[in-house]
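# Notes for the structure review
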Amino acid sequence: MPSETGDPDGVADGLAAATGNAAFVLALRERGVRDTAVLRAMERVPRERFAPPALRAHARRDIALPLACGQTMTAPSIVAAMLGALDIAPGARVLEVGTGTGYVTALLVQLGAAHVRSLERYDGLARAARSHLGHDFDAAAVETTDGLAPEIVRGGSYDRILVNGSLTALPPHLPAVLRSGGRLVAGQWTGRGSRLVTLTRDGAAAYARTEGAALRLGPLTPGRALAP
């Protein structure tokens, strides 16, 4: 039913959403995010769709949001830094460790990944992520499993690997399944905090490692969780 002003239903809400998304992206620019492709993806994928219902009013703020199972939804500026370092190429095959709400999974698809295999240790979070993604991001597949176990990479290779968390050391089986020219991005715990780490595979077994900015990332725990 049209509103009293003559606008069709949803037009005002759509305009408000677009304005909010633009302000969200502008705020990220002001915090130093410069990757145009990442900003465009974050404008097109609404974070509130993936946030817990009680916290959706805070989804466009640059803060981490608490999730079930003691997990967190990473702050947008940190997500942007990791995705910028990952440098998704159109058609890439991506392995994501730590699905969370599915927000980063959706951004990977929006950035042009042809397939995202996303691994989450908590079944409840994995089920919620599948629901959030729906049919709009059918290039993504979410599995409930230990994303750090060596057996999860058997028989596969990837153009990009994203580890959504901080590790004291990278498991060697993850960079081993990078294709030539492939790239892995993770947080690495240094004892005083986490830093952004990027590994790029050059040839059969040569890797170039770079360290980036400090990140506020929670630790990634091995093992499939017993919690539902």
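Residues numbered from 1 in each chain as written. Predicted model: local features only at pLDDT ≥ 70, side-chain atom pairs only at ≥ 80, totals over all residues. Heavy atoms only, no water.

### Focus on the layout of surface pockets
There is about 520 Å³ of room inside the largest pocket. Every residue lining the largest pocket is counted, 33 residues in all, and those nearest its centre are Gln71, Thr72, Gly98, Asn164 and Leu220. Among the secondary structure elements, those contributing two or more residues to the lining of the largest pocket are strand S2 (72-73), helix H3 (76-86), helix H4 (103-110), strand S4 (115-120) and strand S6 (158-167). The class makeup of the residues in the lining of the largest pocket is 16 nonpolar, 14 polar and three charged. (1 Å grid on protein atoms, 1.4 Å probe; cavity = no way out; pocket = protein on both sides within 12 Å on 5 of 7 lines; lining within 4 Å. Points joined across faces, edges and corners; volume = space filled by probe spheres on them. Helix = DSSP H or I, 4+ residues; strand = E, 2+ residues; numbered from the N terminus. Nonpolar A, V, L, I, M, F, W, Y, C, P; charged D, E, K, R; others polar.)

### Thoughts on the side chain of Thr145
Within the secondary structure, Thr145 sits in the loop between strand S5 (140-144) and S6. Once you skip the residues sitting within four places of it in the chain, Thr145 turns out to touch Leu119, Glu120, Arg121, Ile152 and Arg224. (Contact = heavy atoms within 4.5 Å.)

### Re unusual backbone geometry
Even without being a glycine, Cys69 presents a positive backbone phi close to 65°. Locating Cys69 in the fold gives a position in the loop between strand S1 (65-66) and S2. Notably, Asp87 is not glycine yet its phi reads approximately 55°, a positive angle. Structurally, Asp87 can be placed in the loop between H3 and strand S3 (93-97). Asp87 gets classed as partly exposed once you look at its relative accessible area, which sits at 42%. (Buried < 20%, exposed > 50% of the residue type's maximum accessible area, 1.4 Å probe, protein only.)

### Description of the sheet that holds strand S9 (residues 207-215)
Taking strand neighbours across the sheet as the criterion, the seven strands line up as S5-S4-S3-S6-S7-S8-S9 in an open arrangement whose pairing is mixed. The open sheet has two edge strands, S5 and S9, and neither has a second partner. Between one strand axis and the next, the sheet turns through 15° on average, direction left out of account. Relative to strand S7 (residues 178-189), S6 is paired through six bridges, and the arrangement is parallel. (Pairing = 2+ DSSP bridges. Axes fitted to C-alpha atoms, helices over the stretch in contact; angles between N-to-C directions.)

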